[in-house]
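Coordinates in review
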Amino acid sequence: MAEKRVIPFDCIPVVASRTITINNQDYLLTNDAMYTFYERSKGEFSPFFLAIRDEKKILGCKCTKCGIVRIPPFLTTCPDCDFAPTELVEVGQVGKMLSTPPVTYFATSMFLDIAPYGRGRVILDGADTAMSVNLFTTTGILVPGLIKKGTEVKVIFRDERIGEVTDIFCVPTSELTPEQVAKKGLQQSEVNWEAAVEPKLPRATNKDVTAYKEALKEMQAIAAEINKNERCRKDIAGWKRDIQVKTTGGEFAIEINDGDFNIIDKQVKSPDFVMVCPDPKTLPDGLAYRGAITDSVIMKKLWISKNMEFTTIFKLDRMARSLARSKKE
Ligand SMILES: [Zn+2]
């Protein structure tokens, strides 16, 4: 894994300055920095985080008097039992959602690389209180309603663990094999993330084929503009993706290659991911800035086969915005 910085590089401003005018007087503003780094102790929560990191276990604290099990184990004494001591116990790694988790699509820079994700509270087997977790799906993009209140979920441990609560997340047990559900300490790399089931498209009519051809033409025209636009090229600099797009009237490929953006009428042998959108206008509308592609995903008009590729969708929208802005100037 690439070394991750406490402050993401993207958040560090470039050396630059700008002029602002107040009451007809020009003032110069210069980017500068003030920073402090510190180490934070997990204190008496340490066993909980160490158990996640080193043993792939979830710990709770059990009151020695009333027996209530709380997770995370944030109490060393029970407030309900006159401060009777609690003891650390291991809880199960399967549980039920206490409520329907909202889905975060537009995360802060800290969580951008994991969006979209659900955020909810799960009651694990053997625990009496709920724990906050991030939720994902292996079936493609995470859309609202896929995980609901009462959905049974399983804790998955990231392969690279650093002793943070984000070392774990949950997926619905219905997406796993019985062996995986039963296995303790199931890791991310043991789960099949490539098994997304593509939505079925209706049989194409002549009208659909015509609409597809028109959409393809429009997109190719936009792609030509994008390739000539420095701002757009910068938006996809360093990014490389071969995407297969399936619409009712036909398929095409999007090739993103370090600033180059091409729409090609062909099949990709092994695409990085697949997009399915019955209406071929969805993408040209997005690229022409007539509506965000991210919105189409959230509204379930556009399906993508890999959750983490929402980042790519994000980049497409940013490029569309750059192009629209350049045209205005
Ligand atoms: Zn108690």
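Described in the following lines is the structure provided in the data block. (Residues numbered from 1 in each chain as written. Predicted model: local features only at pLDDT ≥ 70, side-chain atom pairs only at ≥ 80, totals over all residues. Heavy atoms only, no water.)

Focus on helix H3 (residues 206–228)
Rules: Here a helix means four or more residues in a row that DSSP labels H or I, a strand means two or more in a row labelled E, and each is numbered from the N terminus. Given a helix with a known number of residues, its expected span is that number minus one, times 1.5 Å. We call two residues in contact when some of their heavy atoms are within 4.5 Å.
Helix length check: H3, at 23 residues, gives a terminal C-alpha distance of 34 Å against a target of 33 Å (1.5 Å per residue), a fit within 8%. In this fold, the buried residues of H3 make contact with helix H4 (230–235), strand S13 (240–247), strand S14 (250–257), strand S15 (260–264), helix H5 (282–287) and helix H7 (310–328).

Here we look at the pairing of strand S6 (residues 84–91)
Put simply, the rule reads: When DSSP finds two or more bridges between a pair of strands, those strands are recorded as paired.
By the bridge criterion, six bridges tie strand S3 (residues 58–63) to S6 in an arrangement that is antiparallel. Residue pairing in the sheet places Cys-61 in a bridge with Leu-88 of S6.

Brief notes about the environment of Ile-313
Spelled out, the test is: The buried label goes to any residue with under 20% of its type's maximum accessible area, the exposed label to any with over 50%, and the partly exposed label to all in between, with areas taken from a 1.4 Å probe on protein chains only.
Counting through the fold element by element, Ile-313 comes out in helix H7. Judged by relative accessible area, which is 0%, Ile-313 ranks as buried. Spatially, the C-alpha atoms of Ile-313 and Tyr-289 are 13 Å apart, while their sequence positions differ by 24 residues. Those residues within four positions of Ile-313 in sequence are excluded, and the remaining contacts are Met-275, Ile-293, Thr-294, Val-297, Leu-302 and Ile-304.

Digging into a positive patch on the surface
Where we set the bar: Patches here: salt-bridge-free residues with over 30% relative accessible area, like charges joined within 9 Å, nonpolar side chains (Val, Leu, Ile, Met, Phe, Trp, Tyr) joined within 5 Å. The Shrake-Rupley method, run with a 1.4 Å probe sphere, supplies the accessible areas, and residue values consider only the shown protein chains as cover. Criterion for a salt bridge: a side-chain nitrogen of Lys or Arg within 4 Å of a carboxyl oxygen of Asp or Glu. Only four residue types enter the charge count, namely Lys and Arg as positive and Asp and Glu as negative; His and the chain termini do not. Taken as the charge location is NZ of Lys, CZ of Arg, CG of Asp or CD of Glu.
Taken together, the side chains of Arg-318, Arg-321, Arg-325 and Lys-328 present a region of like positive charge at the surface. Inspection of the secondary structure assignment puts Arg-325 in helix H7.

What about the coordination of the zinc ion?
Just so we agree on the cut-off: Coordinating donors are taken to be N, O and S atoms lying within 2.8 Å of the metal, or within 3.2 Å when the metal is Na, K or Ca; because water is excluded from the atom set, some sites may appear incomplete. Under the classification used here, a metal with four donors is tetrahedral if each angle lies between 85 and 135 degrees, square planar if opposite donors are over 155 degrees apart and the others between 65 and 115, a six-donor metal meeting that same test is octahedral, and anything else is irregular.
Every protein donor of the zinc ion is accounted for by Cys-63 (SG), Cys-66 (SG), Cys-78 (SG) and Cys-81 (SG), and the metal-donor separations fall at 2.3 Å. Around the zinc ion sit four donor atoms, and with donor-metal-donor angles ranging over 102 to 120° the site reads as tetrahedral. Each donor residue of the zinc ion belongs to the same chain, and together they define the spacing C-x2-C-x11-C-x2-C. Here Cys-66, found in the loop between S3 and strand S4 (69–70), pairs with Cys-78, found in strand S5 (residues 77–78); they are twelve residues apart in sequence, far enough to count as distant. Residue classification places Cys-66 among the partly exposed residues on the basis of a relative accessible area of 41%. Note on Cys-78: relative accessible area 0%, which makes it buried.

Examining the side chain of Asn-229
To keep it simple, the criterion reads: Polar contact criterion, stated in full: a pair of N or O atoms within 3.5 Å, where within protein one must be able to donate a hydrogen and the other to accept it, and residues adjacent in sequence count only if both atoms are side-chain atoms.
Relative to the helices and strands, Asn-229 is located in the loop between H3 and H4. What makes Asn-229 buried here is its relative accessible area of 12%. A distance of 2.9 Å separates the side chain of Asn-229 from the backbone nitrogen of Arg-231, its partner in a polar contact. A polar contact is formed between the side chain of Asn-229 and the side chain of Ser-326, at a distance of 3.0 Å. Among all residues touching Asn-229, those that are not within four sequence positions of it are Leu-323 and Ser-326.

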